[in-house]
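An overview of the molecular structure
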Amino acid sequence: MAERWTILKILQWTADYLSGKQIAAARLEAELLLAATLDLDRVGLYVNFERPLDPAELSAFREKVRRRAQREPVQYILGETEFWSLTFKVSSAVLVPRADTEVLVEEALTRIEGVARILDVGTGSGVIAVALAHEKPEIMVTALDCNKETLDVARDNVRRNGVAQRVSCLIGDLAKLPCGPFDVMVSNPPYIPTGEWAKLMPEVRDYEPRQALDGGVDGLDAYRHLAIQAPQILVPGGWLLVEVGVGQAGEVSALFKAAGLIEIGHRKDYAGIPRVVMARTKPVL
């Protein structure tokens, strides 16, 4: 007689198994994977604890667990994630959006006024561009990335979140940004120093796109490009806001100052780490 796997039993087994693979949020991730397999939400799992899984459901769930045990990000397995209370498609072509990046969105929103033109450099899955357009229906956003496959994901997210009329996805290179002029430029660029790559968690090192993470020898290559071009592509008094890695706020601020930007400041994330650096071009007197 085949073993009877109920929702409760398989959740308990999976949580223990993933914990043994050094996965911190093992129970939560077991619930997310099973909910996706059974087309239920997490509440639906709890009210159906005694429901047995059929062989096809068991097979599909075991495949998801196998992938997670190999440290593939749960967001890639599910194919989507949440950011700014919106749902976004994700794949191995894009970074998994982090909650830290919502701080960048918050700061940008305080600096956008009226009918503004926004440039999102290195848009990835498009979460920043879509979140800004969602909150500010009067703005126009150009979402730039150098990778076609990445932009395909961004375009899908622009459409599914209903902002396709106001967000344009454009392929382009960080070294030569669109002419503009733009009122605000935002970016979550690659900022991990090359030498730290091998030390990263397997979920990042082995699965996320290196091009979107590796910031060069000191992690600051992208910020140099942004700082140099900001005075040319932003309107007078326009804002540049960037996400930075741990310990990089001072160095990025120095690059912005050397480029002639003014009113340089930073914002901490909710863990108390300086996470966003902002500066503006000189206004016309």
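Heads up: the structure comes first, above all this text.
Reference entry: report on the structure contained in this document. (Residues numbered from 1 in each chain as written. Predicted model: local features only at pLDDT ≥ 70, side-chain atom pairs only at ≥ 80, totals over all residues. Heavy atoms only, no water.)

1. What to know about the packing of helix H1 (residues 7-19) against helix H4 (residues 55-69)
One way to put it is that H1 packs onto H4 with a least axis distance of 11 Å and a crossing angle of 15 degrees. If you check the angle between H1 and H4, you find them roughly parallel. The crossing of H1 and H4 is right-handed. In contact with Ile10, Thr14, Tyr17 and Leu18 of H1, H4 contributes Leu58, Phe61, Val65, Arg68 and Ala69. For the contact of H1 with H4, the residue count by class is seven nonpolar, one polar and one charged. (Axes fitted to C-alpha atoms, helices over the stretch in contact; angles between N-to-C directions. Helix = DSSP H or I, 4+ residues; strand = E, 2+ residues; numbered from the N terminus. Parallel < 35°, antiparallel > 145°, perpendicular 65-115°, else oblique. Left-handed = near helix turned anticlockwise from the far one by under 90°. Contact = heavy atoms within 4.5 Å. Nonpolar A, V, L, I, M, F, W, Y, C, P; charged D, E, K, R; others polar.)

2. So, the sheet that holds strand S6 (residues 182-187)
Taking strand neighbours across the sheet as the criterion, the seven strands line up as S5-S4-S3-S6-S7-S9-S8 in an open arrangement whose pairing is mixed. On the outer flanks of this sheet lie strand S5 (167-171) and strand S8 (262-268), each paired with one strand and no other. Strand-to-strand twist in this sheet, taken as the mean axis angle between neighbours without regard to direction, amounts to 20 degrees. As defined by bridge partners, strand S4 (residues 140-145) adjoins S5 across five bridges and the pair is classed as parallel. (Pairing = 2+ DSSP bridges.)

3. A few points about the packing of H1 against helix H2 (residues 26-38)
A pair of packed helices is captured by two measures, namely the crossing angle of their axes and the spacing between those axes. Two elements in contact, H1 and H2, have axes separated by 8 Å at closest approach and are oriented at 135 degrees. Between H1 and H2, the angle falls in the class oblique. Relative to H2, the crossing made by H1 is right-handed. Between H1, through Ile7, Ile10, Leu11, Gln12, Thr14, Ala15, Leu18 and Ser19, and H2, the contact on the second element is made entirely by Ala26, Arg27, Ala30, Glu31, Leu34 and Leu38.

4. So, the packing of aromatic side chains
For the structure on display, the rule yields four aromatic pairs. An angle of 15 degrees between the planes, with centres 5.0 Å apart, marks the rings of Trp13 and Tyr17 as stacked. Linking Trp13 with Tyr17, this pair stays in helix H1, spanning four residues, or about one helical turn. For Tyr17, a relative accessible area of 32% gives the class partly exposed. Look at Phe83 and Phe88: their rings are 6.3 Å apart centre to centre, the planes differ by 75 degrees, and that puts the pair in the edge-to-face class. When its relative accessible area of 1% is taken as the criterion, Phe83 is described as buried. When its relative accessible area of 0% is taken as the criterion, Phe88 is described as buried. (Phe/Tyr/Trp six-rings, centres within 6.5 Å; stacked < 30°, edge-to-face > 60°. Buried < 20%, exposed > 50% of the residue type's maximum accessible area, 1.4 Å probe, protein only.)

5. Section: helix H7 (residues 127-135)
Among the nine residues that make up H7, seven are buried, leaving the element largely enclosed by the rest of the structure. For H7, the complete set of buried residues consists of Val127, Ile128, Ala129, Val130, Ala131, Leu132 and Ala133.

6. Thoughts on the pattern of salt bridges
All chains considered together, the criterion is met by 23 salt bridges. With its nearest N and O atoms 2.4 Å apart, the salt bridge here joins Glu29 to Arg68. On the criterion of sequence distance, the pair formed by Glu29 in helix H2 and Arg68 in helix H4 is long-range, its members being 39 residues apart. Between Arg205 and Asp206 there is a salt bridge, with its nearest N and O atoms 3.0 Å apart. Three or more residues joined by partner-sharing salt bridges are found here, namely Glu29, Arg68, Arg71 and Glu203. (Salt bridge = Lys/Arg side-chain N within 4 Å of Asp/Glu carboxyl O.)

7. Remarks on unusual backbone geometry
Cis peptide bonds are those with omega within 30 degrees of zero, and the linkage from Gly180 to Pro181 qualifies with 5 degrees. With respect to the helices and strands, Pro181 occurs in the loop between S5 and S6. Despite not being glycine, Trp84 shows a phi value in the positive range, around 55 degrees. Note on placement: Trp84 falls in the loop between strand S1 (80-83) and strand S2 (86-89). One non-glycine residue, Ser85, lies in the positive phi region at around 60 degrees. You can see Ser85 is positioned in the loop between S1 and S2. Of the residues examined, Ser85 reaches a relative accessible area of 64% and is grouped as exposed.

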